[in-house]
Amino acid sequence: MGKPLYITTPLYYVNAKPHLGHAYTTLLGDTLKSFALQQGRECFFLAGTDEHGEKIAQSAEKAGKSPMEFVDEVAALFEGTWKLLGLNPDISYRTTRPSHIKLVQEALQRLKDQGDIRFSSYTGKYCLGCERFRTDQEWDEKGLCPDHQRPPEIREESNYFFNMEKYRQKTLEYYRGHSDAIVPHHYMKEALAMLEEPLEDLCISRPTSRITWGIPLPFDRNYVTYVWFDALLSYLGGLGYTGRPLAEEKSFRHDLWGQSQHLIGKDILKTHAVYWPTMLLALGLEPARQLQVNGFWLTAGLKMSKSLGNVVDPVKVYEIFGAEAFRYFLMRDMSYGVDASFTWESFVSRANSELANGIGNLASRTLTLVHKNLEARVPSAAHRNDEDRALLAKVDGLPSKFAEEFANARYHVALASFAETVATCDRYINDTKPWSLAKDPAQKDRLAAVLGTMLDALSLLSVVMQSVLPEGSRKLRSALGFTNDPEVLAWELTGLRPKEGTPLGEVPRLYPRLELPKDPDATV
Ligand SMILES: [Zn+2]
């Protein structure tokens, strides 16, 4: 067994239904979990929803509902979407669960008791979209919030503040000692830059005169907890942490915490790379083991957001194209860490070139030839030549390359190398022309050697593809005659060759060609 792994998505803010960006991180988490299981690692995958705060109270009011009714509905929508897309988090954590409220209050009380929280008044520029005061440098040239394109509101408030500065050096030391604690690396540089200047105290409360939809401070009922302070603690709550001193934590999975990977979007780097480690250090815990930071999904060059009205609904994409193509496209077309574009054209083109015409076609033409010419059985490897061995040597390089790219959060590169290997196999078939060999009885051994080589290659590909293309992998395995597969295809199975004489299953139709929707914009 390798080390255990703890994967989290962000706690999604439930003021609207899930969009493509939400689907992406959840799908990535699900893929990483499947991949970890293939590597023989225990893996716990948390997804969840952030359900407190001003914007949610406002959305609920607009919908004519109580905040609790509202968040119940939207949280169910999120959970339902993951189910529909075939994504299976081990826990759907909700910040309105009673155990979480208790955890947040316990943690706050401890930080207060140890002198990390003070009360004072503050005047500043507040973004209603971010639900926080932004510093003077955090507004764009036009004076707007760069994330929400809103002007600031000037607010004065008496509030409680958390002393982040006290833990700044320790956070810096942690990052300097763990160079892969934030990937891709340019986000580590950004985080270090934020931590090189003294940190202002973090305002962690909101007066109930203005907002009541939040977790009451345990030491002052005139205030509720700032949503970020509340939501970040979910990552610990999911592992059984209750907020008590560590020595008293009976069921907290400390081992999993030591292998925690937070998947986040680049817009929440500061909360995760600066606020969160200072909170953890104050609670006597180590910062998260790794932040993996992805870019935005753009449409027409803009980040998708409800306020901009350019949201691609993942459920619509799924209904039109199915879960596998969806999963493949998102993992393949986002260069991890930078922004990516969603267009229907690029989706269809990617799926057709690498799924329908790629692995799908490779499998069906190989298997059809075996069915027609070799009585649908795995042939002998006795007559293979250097050309066959050269192909398999190339194919055999894929699992380690793929695993290495996954370990470095270069998922798009891992899938590119999968697609390249499929293309290499295609060239081999085009060069060896098994359909011509089949017409010449004198070439029977050569035909068996070529098709047997291809069955070996397909067998390896069927294992490598499981985390991203689970359905196709299952169909392909059964077509290759593997009838007793475990649910998780251990990575070592990439070395297993189909056994001579094994009867094959039916020729699968893995990935049909996709057509562009007639009026794609009307369907989004
Ligand atoms: Zn904002």
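Residues numbered from 1 in each chain as written. Predicted model: local features only at pLDDT ≥ 70, side-chain atom pairs only at ≥ 80, totals over all residues. Heavy atoms only, no water.

1. Here's the deal with the overall build of the protein chain
Here is step 1: Of regular secondary structure, the protein chain possesses 20 helices and 16 strands.
Here is step 2: For a compact globule of 524 residues, the expected C-alpha radius of gyration is about 24 Å, and the protein chain comes in at 26 Å, within 12% of that figure.
Here is step 3: By principal-axis analysis of the C-alpha atoms, the protein chain measures approximately 90 × 55 × 40 Å.
Here is step 4: Burial analysis of the protein chain (524 residues in total) assigns 57% to the buried set.
Here is step 5: Contacts spanning at least 24 positions in sequence make up 76% of the contacts within the protein chain whose residues lie at least 6 apart.
Here is step 6: For the protein chain, the exposed surface amounts to about 22100 Å²; the carbon and sulfur share of it is 51%.
Here is step 7: Where the 61 positive side-chain charges of the protein chain centre and where its 67 negative ones centre are 2 Å apart. (Helix = DSSP H or I, 4+ residues; strand = E, 2+ residues; numbered from the N terminus. Rg over C-alpha atoms; globule rule 2.2 N^0.38 Å. Buried < 20%, exposed > 50% of the residue type's maximum accessible area, 1.4 Å probe, protein only. Contact = heavy atoms within 4.5 Å. Areas by Shrake-Rupley, 256 points an atom, 1.4 Å probe, with all protein chains shown as cover. Lys, Arg positive; Asp, Glu negative; His and termini not counted. Charge placed at Lys NZ, Arg CZ, Asp CG, Glu CD.)

2. A closer look at the coordination of the zinc ion
Here is step 1: At the metal site, the zinc ion is ligated by Cys127 (SG), Cys130 (SG), Cys145 (SG) and His148 (ND1), and these contacts range over 2.1 to 2.3 Å.
Here is step 2: Taken together, the four donor atoms coordinating the zinc ion and their angles of 104 to 118° define a geometry best described as tetrahedral.
Here is step 3: The sequence pattern formed by the donor residues of the zinc ion is C-x2-C-x14-C-x2-H. Remark: Cys145 occurs in the loop between strand 5 (132-134) and strand 6 (153-162) and Cys130 occurs in the loop between strand 4 (117-127) and strand 5; sequence separation between them is 15 residues.
Here is step 4: By relative accessible area, which is 12% here, Cys130 ends up buried. (Donors = N, O, S within 2.8 Å, 3.2 Å for Na, K, Ca; no water. Tetrahedral: all angles 85-135°; square planar, octahedral: opposite > 155°, others 65-115°.)

3. Re the layout of surface pockets
Here is step 1: As a volume, the second largest pocket reaches approximately 650 Å³.
Here is step 2: Looking at the lining of the second largest pocket, the elements that each hand over two or more residues are helix 1 (20-38), helix 12 (323-333) and helix 19 (470-479).
Here is step 3: In terms of residues, the lining of the second largest pocket owes the most to one element, helix 19, which gives six residues.
Here is step 4: Considering only residue class, the lining of the second largest pocket consists of eight nonpolar, eight polar and nine charged.
Here is step 5: Split by domain, the lining of the second largest pocket shows at least three residues from each of two domains, domain 1 (5-294) and domain 2 (323-495). (1 Å grid on protein atoms, 1.4 Å probe; cavity = no way out; pocket = protein on both sides within 12 Å on 5 of 7 lines; lining within 4 Å. Points joined across faces, edges and corners; volume = space filled by probe spheres on them. Nonpolar A, V, L, I, M, F, W, Y, C, P; charged D, E, K, R; others polar. Domains from an automatic or database assignment.)

4. Topic: the pattern of salt bridges
Here is step 1: Across all of its chains, the model carries 35 salt bridges by this definition.
Here is step 2: A salt bridge links Asp136 to Lys125; the shortest N-O distance between them is 3.9 Å. Of this pair, Asp136 sits in the loop between strand 5 and strand 6 while Lys125 is found in strand 4, placing the two residues 11 residues apart along the sequence.
Here is step 3: A residue is classified by how much of its surface remains accessible, and Lys125, at 30% relative accessible area, is partly exposed.
Here is step 4: Note that Arg446 is salt-bridged to Asp388, the shortest N-O span being 2.8 Å. With Arg446 in helix 18 (residues 444-464) and Asp388 in helix 14 (residues 386-396), the pair connects residues that are 58 residues apart, well separated along the chain.
Here is step 5: Accessibility expressed as a relative area gives 17% for Arg446, which makes it buried. (Salt bridge = Lys/Arg side-chain N within 4 Å of Asp/Glu carboxyl O.)

5. What to know about the domain arrangement of the protein chain
Here is step 1: We note that the domain assignment places domain 1 (5-294) and domain 2 (323-495) within the protein chain.
Here is step 2: Using C-alpha coordinates to define each centre, domain 1 is positioned 41 Å away from domain 2.
Here is step 3: Contacts between domain 1 and domain 2 engage 24 residues on the former and 23 residues on the latter.
Here is step 4: In total, domain 1 and domain 2 occlude about 2100 Å² of area from one another, counting both sides; carbon and sulfur atoms represent 67% of this.
Here is step 5: Ranking the residues of domain 1 by area buried against domain 2 places Tyr24, Phe35 and Gln38 at the top, with a combined share of 32%.
Here is step 6: Linking domain 1 with domain 2 are two salt bridges.
Here is step 7: Salt-bridge contacts for Asp30 lead to Arg327; the nearest nitrogen and oxygen are separated by 3.0 Å.
Here is step 8: Along the contact surface separating domain 1 from domain 2 lie 10 residue pairs in polar contact (both at pLDDT 80 or more). (Buried area = accessible area lost by both parts, 1.4 Å probe. Polar contact = N/O pair within 3.5 Å; in protein donor to acceptor, adjacent residues only side chain to side chain.)

6. Notes on the sheet that holds strand 4
Here is step 1: Reading across from one edge, 5-4-6-8 is the order of the four strands in this open sheet, with antiparallel pairing throughout. Each having just a single partner strand, strand 5 and strand 8 (202-203) make up the two edges of the open sheet.
Here is step 2: Strand direction decides the pairing type here: strand 6 and strand 8, joined by two bridges, are antiparallel. The residue of strand 8 that forms the bridge with Phe161 is Cys203. (Pairing = 2+ DSSP bridges.)

7. With respect to unusual backbone geometry
Here is step 1: Cis geometry is adopted by the peptide bond preceding Pro184, which originates at Val183 and carries an omega value of -10°.
Here is step 2: Positionally, Pro184 belongs in the loop between strand 7 (182-183) and helix 6 (185-196).
Here is step 3: One non-glycine residue, Gln149, lies in positive phi territory at about 55°.
Here is step 4: As for its position among the elements, Gln149 is in the loop between strand 5 and strand 6.
Here is step 5: Look at Gln149 and you get partly exposed, because its relative accessible area is 42%.

8. Thoughts on the environment of Pro245
Here is step 1: Locating Pro245 in the fold gives a position in the loop between helix 8 (234-237) and helix 9 (254-257).
Here is step 2: For the pair formed by Pro245 and Ser473, sequence separation is 228 residues and the distance between their alpha carbons is 46 Å.

9. Let's talk about the packing of aromatic side chains
Ring pairs (aromatic) are described by centroid distance and by the angle formed between their planes.
Here is step 1: Evaluated as defined, the whole model comprises 33 aromatic pairs.
Here is step 2: With a centroid separation of 4.8 Å and 75° between ring planes, the pair formed by Tyr122 and Phe133 is classed as edge-to-face. Taken as a pair, Tyr122 in strand 4 and Phe133 in strand 5 lie far apart in primary sequence, 11 residues in all.
Here is step 3: Taking the relative accessible area as the measure of exposure, Tyr122 reaches 25% and is therefore partly exposed.
Here is step 4: Grouped by ring-pair contacts, the aromatic residues Tyr24, Trp297, Phe321, Phe329, Phe342, Trp344 and Phe347 constitute a single cluster.
Here is step 5: Residue placement shows Lys112 over the ring face of Phe219; its charged tip is 5.1 Å from the ring centre.
Here is step 6: Against the face of Tyr126 rests Arg210, its NZ or CZ located 5.3 Å from the ring centre. (Phe/Tyr/Trp six-rings, centres within 6.5 Å; stacked < 30°, edge-to-face > 60°. Lys NZ or Arg CZ within 6 Å of the ring centre and 35° of its normal.)

10. Here we look at the sheet that holds strand 2 (residues 43-50)
Here is step 1: Taken in spatial order, the six strands line up as 3-2-1-12-13-7 in an open sheet, and their pairing is parallel. The open sheet has two free edges, formed respectively by strand 3 (91-94) and strand 7, since each of these has just one partner strand.
Here is step 2: Relative to strand 12 (residues 260-265), strand 1 (residues 5-13) is paired through three bridges, and the arrangement is parallel. Considered in strand 12, the bridge of Ile7 is made with Gln261.

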